[in-house]
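# Structural features, examined
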Number of protein chains: 4
Amino acid sequence: MAHELPIAMKQWVLRDKSGFGNLLLEEAPLPEIGDFDVLIKVHAVSLNYRDLMIAQGTYYWPLKPTVVPASDFAGEVLRAGPLVTRFSPGSRVAGQVHQTHIAGTITASDAMNSLGGLLDGGLRQYAAYHEGGLVEIPANLSWREGATLACAALTAWNALYGGAKALRPGETVLVQGTGGVSLFGCQFAKAGGAEVIATTSGEKMGVLRAAGAKHILNYKTNPDWGKTAKELSAGKRGADYVLEIGGPNTFEQSCAAASIDGTIAIIGTRAGQSPGTTLPHTALVQTRRIMIGSRLQFEEMSRAIEMNDIKPVVDGRVFGFGEVREAYEYLWEQKAVGKVVVDVE
Amino acid sequence: MAHELPIAMKQWVLRDKSGFGNLLLEEAPLPEIGDFDVLIKVHAVSLNYRDLMIAQGTYYWPLKPTVVPASDFAGEVLRAGPLVTRFSPGSRVAGQVHQTHIAGTITASDAMNSLGGLLDGGLRQYAAYHEGGLVEIPANLSWREGATLACAALTAWNALYGGAKALRPGETVLVQGTGGVSLFGCQFAKAGGAEVIATTSGEKMGVLRAAGAKHILNYKTNPDWGKTAKELSAGKRGADYVLEIGGPNTFEQSCAAASIDGTIAIIGTRAGQSPGTTLPHTALVQTRRIMIGSRLQFEEMSRAIEMNDIKPVVDGRVFGFGEVREAYEYLWEQKAVGKVVVDVE
Amino acid sequence: MAHELPIAMKQWVLRDKSGFGNLLLEEAPLPEIGDFDVLIKVHAVSLNYRDLMIAQGTYYWPLKPTVVPASDFAGEVLRAGPLVTRFSPGSRVAGQVHQTHIAGTITASDAMNSLGGLLDGGLRQYAAYHEGGLVEIPANLSWREGATLACAALTAWNALYGGAKALRPGETVLVQGTGGVSLFGCQFAKAGGAEVIATTSGEKMGVLRAAGAKHILNYKTNPDWGKTAKELSAGKRGADYVLEIGGPNTFEQSCAAASIDGTIAIIGTRAGQSPGTTLPHTALVQTRRIMIGSRLQFEEMSRAIEMNDIKPVVDGRVFGFGEVREAYEYLWEQKAVGKVVVDVE
Amino acid sequence: MAHELPIAMKQWVLRDKSGFGNLLLEEAPLPEIGDFDVLIKVHAVSLNYRDLMIAQGTYYWPLKPTVVPASDFAGEVLRAGPLVTRFSPGSRVAGQVHQTHIAGTITASDAMNSLGGLLDGGLRQYAAYHEGGLVEIPANLSWREGATLACAALTAWNALYGGAKALRPGETVLVQGTGGVSLFGCQFAKAGGAEVIATTSGEKMGVLRAAGAKHILNYKTNPDWGKTAKELSAGKRGADYVLEIGGPNTFEQSCAAASIDGTIAIIGTRAGQSPGTTLPHTALVQTRRIMIGSRLQFEEMSRAIEMNDIKPVVDGRVFGFGEVREAYEYLWEQKAVGKVVVDVE
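Everything numeric here is computed off the predicted structure, so don't read it as measured data.

Looking now at the pattern of salt bridges. Throughout the structure, instances matching the rule amount to 51 salt bridges over all chains. For A:Arg168, the salt bridge is made with A:Glu171, and the minimal N-O distance between the two is 3.9 Å. Between D:Glu299 and D:Arg295 there is a salt bridge, and its shortest N-O distance comes to 3.5 Å. Of the two residues, D:Glu299 and D:Arg295 both sit in helix H9 (residues 295-307), four residues apart, roughly one turn of that helix. Residue classification places D:Glu299 among the partly exposed positions, given a relative accessible area of 21%. Taking the relative accessible area as the measure of exposure, D:Arg295 reaches 14% and is therefore buried.

Structure (structure tokens):
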């Protein structure tokens, strides 16, 4: 409230989308706020695979010519436009990746208008957004933790709880690898009374175990892991939900792992790679494409995180605001265990 | 009631499953009925693609060594076991293909126990079934028409009205070809206030038009029919439901035809052939495998058929009980327009 | 576009909410439009029971001290703010009663912000609204017909197609009386392949028949109409959906009319009066309170109206813009058959 | 298998339904099994309020003239009919209260055919049932614990997880009192990541706390407990699910406690007493009548109980097979904390 605002600020921008080297730190005026907007002091940002694709020019939705990257941030509301009712100075918020996706099915227009894509994202000291595109972050999370939710966590939540049928206690979930979606998938499944089977190449078993996975399969030494997963599932019924992250041959194994009426959630970013196989005759699996989630789902997820005191897994190395390129490289090299976070000073 | 029952009857059987020539007509004793069974005088049978596969040895579920073929029949109840409450002599009934699939998701055990597969089917003069596996046929249908519902009609009904989200007025449905599922799909969609776009190779447009299709696309002259279908759909939103019958490349066109949140229903029999392609990044389509449907759905469908006076399309050539092999050949050669029916004397 | 705009316009306002006599016609400046707003030339308005309650001071949600009344209007977009993407000049639109209710469940905040209540409504020559609160009206409707949808039609649509389970062909719907919700209920049920049973006091049977009701019961001469309705329903199963408008004793009869798993939709405006009875032990009926509907539902409904060429029932007497008080009286005295419409010059 | 079967057994029967004194212990031949039946050695039975009503003549569904009482039992399969596939000797099973309610909506015919009502129940040393009406009990439960599930636990499960929308982590549940349904409700809600608010008269707080209730309200000292419950709920949103057990005025408080789109599950047994009040205008609450649940739900619940190692609360006083009348009295006097169980020798 009494916070004195500067006239200018620092922000990262992307013009040429052909590599992380094009990420530039520059000065900019503070954003102005309209009637329904709030001004936010950004405190932390987390990076997603999608941000790498955008910087490398491999993303498949339209982009703003000069864009402030990164969809995931957490920050504090400093000022509120005269018609704002959802937040007030001091509110701790994150942004909806798809700003206009409030509830129900995402539309093509919602899908296009994403933070860090066609709209400026969070890699800046101050940001202004319409109140309708923001959500309060859980009270039990730090700024860093709160900055990890908008993309990976909401994707996992949507996959498990956002469909016509929601996960219930006693069901089995299969997650692939140790990326953000998989780790949140473990935590959200366990909070809901389900059991998790995870696959990995073997190096990062500890983080899966800590996130709540009951069984961990090494897909390198066990290429037939789908069948094994089915045998390990409660009542050998197979997985009720599979979080299909993609890559060659995973869809086939996912089908083998699934229960007769299981749902295979095909996660957005890499979905173009799958399903590249045929469904077996004896499976009734449904596939459901996940494109992050709605604001309503974000709000539900935040309540679940707070009520169950779930802590997002943040990688041990946190980057400073001047180290954004290094943070991109680090995520690209798959060195991280948990979300890659940048502090915004 | 006063119907005098013979001691023996005629029935068709399949032992060696290697071609239609193995279909044999033989004598058998009348089936006995248990406490919960009814005895039925079969009046008509219709054939499905599944019956061809069974006779040719290409079916993928276990079969009874010597089986009476054909899942779809209509007949009259003659006798009822002492504990039967659902039917009485005079009831006009058809059988559930999967006898124990009452409601909800089909289980693996339900899927296996199918008429004409692991259980004796309808190609016989008299049949006995547990009352739980039977459904009353609509009052507006003849025996021949009533014999067409159990497989093709119920599949189409389930695809449109059996999922978590049911078809509503104002939506668009895409059907492929002029097979039984597609024709019923046209009729059920139109009854529900939806619009139908159909594909065909061009020869059987009349039957699609009669069944209610608004737009008909020739997939031979327009290989890019998916895009055309989307442009023809209401509001150019794309098809809300696609009845995917399969075959090379149809899945890719179905994705192009579908709305962003459309459902592609993958029809059981030929499902092993699809989906053999990748999902485009910008589609959120869901796929849903259809394995016929439950008894509850059959009952709902029967009410809808009767209330809306829907008449199944029966091919002009109806076969006599002695012409079963000819009926199989006729269906195999794809000469039929509508369902292929055999009268049972 | 080339439309030359005046500086001032006429509008009706309500200050003192103690009777229709307080409705005043006054001059006002043209509304200004923000970045996301459009300016609309209003062509027609329809009145609802809710408008009567607001004018009489019996409404239960907060009101703007001086409010332009009426939630239901249809008009043409004249100007669009610089960031508007959903509409352009020439678009034919109606407004969402609850402006921010986009999809999913209505929130308390959505419910409060209604047109003609806390926000200015349609009884004025020009209006400005955020593009997010508007919907295109069906192409087959006139301005008068398009002005009848926002409240009564959307309520009926939501009751039949907006719940977790949507109406399907073959089901039975019961509507009460000849008000707007009931007449739209008849039309939407029939378009979806269902059968309608309607109750009335006997004078307005013709309009129910024209709207598609199959059976019409006189609740005055047959106080036990619930039981009769059940017997008249398809298969004597009872009504799958009841549109419960309220009044003494109707809930009890609605329970008697409903199928074992039927849904009784309790319509918003008069909901405070019901359910004032106990549920019978042998009914599993669900009740579902309807508070109009979401923008997503409005869009679905508009497609259904256009695709099935449904024509709203407009009362034969249409009022001029100077006759607003007379229109309120006319609705109050229950003289209308169909919606009461005011032309806006 | 090698179990040597006696020729006769002991069973309790009810002829005259006018009080617990009419419960008689008598000798009976061992039940015979048909093709699809199994013979069960009953080990434990639990009593429900419904059993008291049946014995006192206040039950509202038809009863068998001479009936073996009690729907809830657990026992071991000794023999299986020749066509049984779901169980084998050694299987540990409980029975579906409504034997034919497999999945989906309960029908009137399902509702009538209940154990201890129109069909013989569990208060006997040996029982025979169709395999379709049985469910395997969780491996983590004793016979006594396994005998508590069929009625109270399944009712609570259905209320929370059986509707179109299932409970998700982060939601709030309100339960009333310390009966079986409420205690299972606490445990099932907590297992699913939700928070529980419970009401009680104050004497049995410990058992609610042990079952997982976070907040406990004394309805005697706080007659306005609905409002308090709303304020205590996460985000002060109100309860997403209310398990409405009934009694004067509870429905009004339940409405006050519920979130705007909350579901009030009206529990079967006492449903005739409610809802006896009007819905407030500003609540959108849905009501949903619960009549126990389907076999599919029982199977889901059993997996959830086993996976989350949930232990039913059994009252400290367990009755011998000769003390059935005393057990009825004990339940009637509301002395029990948890389920009242009878051992069957």
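Here we take up helix H7 (residues 225-232) of chain A. Residue and element names in this part refer to chain A. Within H7, the full set of buried residues consists of Trp225, Gly226 and Ala229. In a view along the axis of H7, the buried residues occupy a sector of 105°, so they form one face of it. Where H7 is buried, its residues touch strand E8 (172-176), strand E9 (195-200), strand E10 (215-218) and helix H8 (250-257).

All names here are of chain A. With domains assigned, chain A is organised as domain 1 (8-151 + 293-343) and domain 2 (163-290). Inter-centroid distance (C-alpha atoms) of domain 1 to domain 2 is 27 Å. If you look at the interface, domain 1 gives 18 residues, while domain 2 gives 11 residues. When the two sides are added together, the surface that domain 1 and domain 2 hide from each other amounts to roughly 1200 Å², 68% of it contributed by carbon and sulfur. In terms of surface lost to domain 2, no three residues of domain 1 exceed Tyr49, Ile310 and Val313, which account for 33% of the buried area on that side. Taken together, the connections running from domain 1 to domain 2 amount to zero salt bridges. Here domain 1 and domain 2 share three residue pairs in polar contact (both at pLDDT 80 or more) between them. Those elements that place two or more of their residues in the side of domain 1 that touches domain 2 are helix H1 (49-56) and helix H9 (295-307).

A separate point is helix H5 (residues 180-191) of chain C. Residue and element names in this part refer to chain C. Between the first and last C-alpha of H5 there are 17 Å, a value that for 12 residues agrees with the 16 Å anticipated at 1.5 Å per step. Burial analysis of H5 places 11 of its 12 residues in the buried class, the great majority of the element. Here H5 has its buried residues at Gly180, Val181, Ser182, Leu183, Phe184, Gly185, Cys186, Gln187, Phe188, Ala189 and Ala191. At the C-terminal side of H5, glycine 193 shows a positive phi close to 85°.

Attention now goes to the packing of H1(A) against helix H10 (residues 324-332) of chain A. All names here are of chain A. The interhelical angle for the contact between H1 and H10, taken along N-to-C directions, is 110°, at an axis separation of 10 Å. By the criterion of interaxial angle, the relationship of H1 to H10 is roughly perpendicular. Considering the relative orientation of H1 and H10, their crossing is left-handed. Contact with H1, carried on its side by Tyr49, Asp51, Leu52, Ala55 and Gln56, involves Tyr328, Leu331 and Trp332 of H10 and no other residues of that element. Here the contact of H1 with H10 is composed, by residue class, of six nonpolar, one polar and one charged.

A separate point is the environment of D:Ala164. All names here are of chain D. Residue position: alanine 164 is located in the loop between helix H4 (149-161) and strand E8 (172-176). Look at alanine 164 and you get exposed, because its relative accessible area is 56%. As for alanine 164 and isoleucine 197, which are separated by 33 residues in sequence, their C-alpha atoms are 23 Å apart.

Thresholds, definitions, all that
Residues numbered from 1 in each chain as written. Chains lettered and ligands numbered in written order. Predicted model: local features only at pLDDT ≥ 70, side-chain atom pairs only at ≥ 80, totals over all residues. Heavy atoms only, no water. Salt bridge = Lys/Arg side-chain N within 4 Å of Asp/Glu carboxyl O. Helix = DSSP H or I, 4+ residues; strand = E, 2+ residues; numbered from the N terminus. Buried < 20%, exposed > 50% of the residue type's maximum accessible area, 1.4 Å probe, protein only. Arc of directions from axis to C-beta. Contact = heavy atoms within 4.5 Å. Domains from an automatic or database assignment. Buried area = accessible area lost by both parts, 1.4 Å probe. Polar contact = N/O pair within 3.5 Å; in protein donor to acceptor, adjacent residues only side chain to side chain. Expected span 1.5 Å × (residues − 1). Axes fitted to C-alpha atoms, helices over the stretch in contact; angles between N-to-C directions. Parallel < 35°, antiparallel > 145°, perpendicular 65-115°, else oblique. Left-handed = near helix turned anticlockwise from the far one by under 90°. Nonpolar A, V, L, I, M, F, W, Y, C, P; charged D, E, K, R; others polar.

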